[in-house]
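Given next are the chains, with one letter for each unit.
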Amino acid sequence: MKTKMLPEYPEARSPAGAEIRFLMESQGGNMIHSTVPPRQVNRATVHATVSEFWYVLEGHGEIWRDDGVESGVTALVPGTAIDIPVGTAFQYRNVSDVDLKFICVTMPPWPGEAEATPIEGVWEPTI
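Residues numbered from 1 in each chain as written. Predicted model: local features only at pLDDT ≥ 70, side-chain atom pairs only at ≥ 80, totals over all residues. Heavy atoms only, no water.

## Describing the packing of aromatic side chains
Step number 1: Within the structure shown, the criterion is met by five aromatic pairs.
Step number 2: Seen from their ring centres, phenylalanine 90 and tyrosine 92 are 6.3 Å apart, and the 10 degrees between their planes marks the pair as stacked.
Step number 3: The exposure class assigned to phenylalanine 90 is buried, which follows from its relative accessible area of 3%.
Step number 4: Looking at tyrosine 92, the relative accessible area reads 3%, which means it is buried.
Step number 5: Put simply, the rings of Trp54, Phe90, Tyr92 and Phe102 touch in pairs and so form one group of aromatic residues. (Phe/Tyr/Trp six-rings, centres within 6.5 Å; stacked < 30°, edge-to-face > 60°. Buried < 20%, exposed > 50% of the residue type's maximum accessible area, 1.4 Å probe, protein only.)

## Brief notes about the pairing of strand β10 (residues 100-107)
Step number 1: Of the pairings in the sheet, the one linking strand β3 (residues 30-36) to β10 comprises seven bridges and is antiparallel in character. When the sheet's bridge partners are listed, serine 34 is paired in β10 with phenylalanine 102.
Step number 2: Pairing of strand β5 (residues 51-58) with β10, which is carried by seven bridges, proceeds in the antiparallel orientation. Opposite glutamate 52, over in β10, you have threonine 106 as the bridge partner. (Pairing = 2+ DSSP bridges. Helix = DSSP H or I, 4+ residues; strand = E, 2+ residues; numbered from the N terminus.)

## Here we look at the sheet that holds strand β4 (residues 45-47)
Step number 1: Spatially, the five strands line up as an open sheet ordered β7-β6-β9-β4-β11, and their pairing is antiparallel. Strands with a single pairing partner mark the edges of an open sheet, and in this sheet they are β7 (71-76) and β11 (116-118). With strand direction ignored, the average angle separating the axes of adjacent strands in the sheet is 30 degrees.
Step number 2: As defined by bridge partners, β4 adjoins strand β9 (residues 89-94) across two bridges and the pair is classed as antiparallel. Looking across to β9, one finds that threonine 45 is bridged to phenylalanine 90. (Axes fitted to C-alpha atoms, helices over the stretch in contact; angles between N-to-C directions.)

## Some remarks on the side chain of glutamine 40
Step number 1: Inspection of the secondary structure puts glutamine 40 in the loop between β3 and β4.
Step number 2: A residue is classified by how much of its surface remains accessible, and glutamine 40, at 8% relative accessible area, is buried.
Step number 3: Aside from chain neighbours lying at most four places away, what touches glutamine 40 is Arg13, Gly17, Ala18, Arg93, Asn94, Thr126 and Ile127. (Contact = heavy atoms within 4.5 Å.)

## Observations concerning the nonpolar core
Step number 1: Core analysis: the largest hydrophobic core is formed by 16 residues, its most contacted members being Trp54, Ile63, Leu76, Tyr92 and Phe102.
Step number 2: Residue assignment for this core shows that the elements contributing at least two residues are β3, β5, β8 (81-84), β9 and β10.
Step number 3: Examining the composition of this core, we find that three residues originate from one element, β10, more than from any other.
Step number 4: Excluding residues that lie within four positions of it along the chain, tryptophan 54 makes contacts with Ile63, Leu76, Thr80, Ala81, Ile82, Ile84, Phe90, Tyr92, Phe102, Ile103 and Cys104. (Core = buried A, V, L, I, M, F, W, Y, C linked by side-chain atoms within 4.5 Å.)

## Brief notes about the pattern of salt bridges
Step number 1: With the rule as written, the count across this model stands at four salt bridges.
Step number 2: Here aspartate 83 makes a salt bridge to arginine 65, at a shortest N to O gap of 3.4 Å. Pair noted here: aspartate 83 is in strand β8 and arginine 65 is in strand β6 (residues 61-66), with a separation of 18 residues, a long-range link.
Step number 3: Exposure remark for aspartate 83: the relative accessible area of 35% places this residue in the partly exposed category. (Salt bridge = Lys/Arg side-chain N within 4 Å of Asp/Glu carboxyl O.)

In structure tokens form, the structure reads like this:
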């Protein structure tokens, strides 16, 4: 059994550009806390082998997702949960003046930087 408190400071950056704090990891997946600073537009990416679940804690953002069949933009507001199935193109941004914070669960565990491929998104990245 594991217990961990949220680290005080970011420990890394996601390939898209969010500040991340590592929370949990197991053979089945891992969990991070992500922060996107005010007005930041992250890079668009697609994952080769992992799927993600997100749960928004604070702030206001938007995410564009395209799985080749469906494409659209979803508001990221507190209480919203989304999925990003493997192979789905996505890009997200903070559209407010406060941090956008969310929990991200990756299944299987994140294998490393080569997992995310940069792609053309719907917004111009600011990072």
